[in-house]
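Spelled out from the first residue to the last, the chains are:
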Amino acid sequence: MEPDVTVDATFQTCPGPLIALAEAVSRAAPGQVVKLLATDPAAPSDVREWSAGTGHKLLEITRDGDVYEMYIEVSG
Amino acid sequence: MPKIALIVASERLDKLFPAVTLATTAAISGWEAELFFTFWGLLALKKGYEPSEVSLDYQAYQDLLKEALASGSMPGWRTVLHQGVATGRVKIYACSSSLGMFGMTADDLEEYVDSVAGAATFLGKAKDAEVTLFVS
């Protein structure tokens, strides 16, 4: 999956990754895909909850070693 | 939209961090957050005052927090709070009686403080909150 924006929040602890994601999503256009990189073990569940609450679409979560890669499509 | 209401009654770092983390996370999730700073918590809103200590019970762990902050892995509590305030959904109230107790006026408070308020005002803001917490 090719994201429009990539946000690297690796080695940041809660709430750093979610704040970084929210900022990137607020700047992105509807339909764009934001990729968030995080090592915080809470990030996948936090992003899942945040997406459900805000209406942005969580497309996929993958893991590469200690790094979670989360793809979020910005809603309109 | 959901709402969280927090009473922040301590300016110790181990109290401020969870309070602002919850408030800002709520705000960036589309929630409203109402924060009432009272008693020692009010000191955190004083211009030129920089809270620097954890609670006495946890002094042995203070260096771990300072290291996390210095490394950049953990954002500072005020940075987190500002990010919440920037959404327009975090409201900060300063307890009027605590203000008087410290001999302070509204002019002594940080600019992001929305207003000086009493208990009844905060109760009015908090009465329909789904999440309410007292942080002390």
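Cut-offs used in this document
- Residues numbered from 1 in each chain as written.
- Chains lettered and ligands numbered in written order.
- Predicted model: local features only at pLDDT ≥ 70, side-chain atom pairs only at ≥ 80, totals over all residues.
- Heavy atoms only, no water.
- Core = buried A, V, L, I, M, F, W, Y, C linked by side-chain atoms within 4.5 Å.
- Buried < 20%, exposed > 50% of the residue type's maximum accessible area, 1.4 Å probe, protein only.
- Helix = DSSP H or I, 4+ residues; strand = E, 2+ residues; numbered from the N terminus.
- Contact = heavy atoms within 4.5 Å.
- Buried area = accessible area lost by both parts, 1.4 Å probe.
- Salt bridge = Lys/Arg side-chain N within 4 Å of Asp/Glu carboxyl O.
- Polar contact = N/O pair within 3.5 Å; in protein donor to acceptor, adjacent residues only side chain to side chain.
- Axes fitted to C-alpha atoms, helices over the stretch in contact; angles between N-to-C directions.
- Parallel < 35°, antiparallel > 145°, perpendicular 65-115°, else oblique.
- Left-handed = near helix turned anticlockwise from the far one by under 90°.

## Looking at the nonpolar core
(1) Moving on: In this structure, L21 of chain A together with L35, L45, W77 and I92 of chain B are the most contacted members of the largest nonpolar core, which totals 52 residues.
(2) Moving on: Among the elements that line this core, the one with the most residues is helix α1 (residues 13-28) of chain B, at 9 residues.
(3) Moving on: Dropping the residues within four chain positions of it, L45 of chain B is found in contact with F37, I92, Y93, A94, D108, L109, E110, Y112 and V113 of chain B.
(4) Moving on: Listed in part, the 8 residues of the second largest apolar core include F36, Y93, A117 and A126 of chain B.

## Looking at the interface of chain A and chain B
(1) Moving on: Tallying the contact residues gives 12 residues for chain A and 11 residues for chain B.
(2) Moving on: Taken over both partners, the interface formed by chain A and chain B buries close to 860 Å², and the fraction arising from carbon and sulfur atoms is 65%.
(3) Moving on: Three residues, T13, P15 and I19 of chain A, lead the burial of chain A against chain B; their summed loss comes to 47% of the area buried on that side.
(4) Moving on: Applying the counting rule to chain A against chain B returns 0 salt bridges.
(5) Moving on: Counting across the chain A and chain B interface gives 2 residue pairs in polar contact (both at pLDDT 80 or more).
(6) Moving on: Of all the elements in the fold, those that place two or more residues in the side of chain A that touches chain B are α1 (16-27) and α2 (43-54) of chain A.

## What about the packing of α1 of chain A against α2 of chain A?
Residue and element names in this part refer to chain A.
(1) Moving on: Running from N to C, α1 and α2 cross one another at 40°; their axes reach a closest spacing of 11 Å. Of the possible angle classes, the one that applies to α1 and α2 is oblique. Crossing hand, α1 versus α2: right-handed. Between α1, through L18, L21, A22 and V25, and α2, the contact on the second element is made entirely by D46, V47 and W50.

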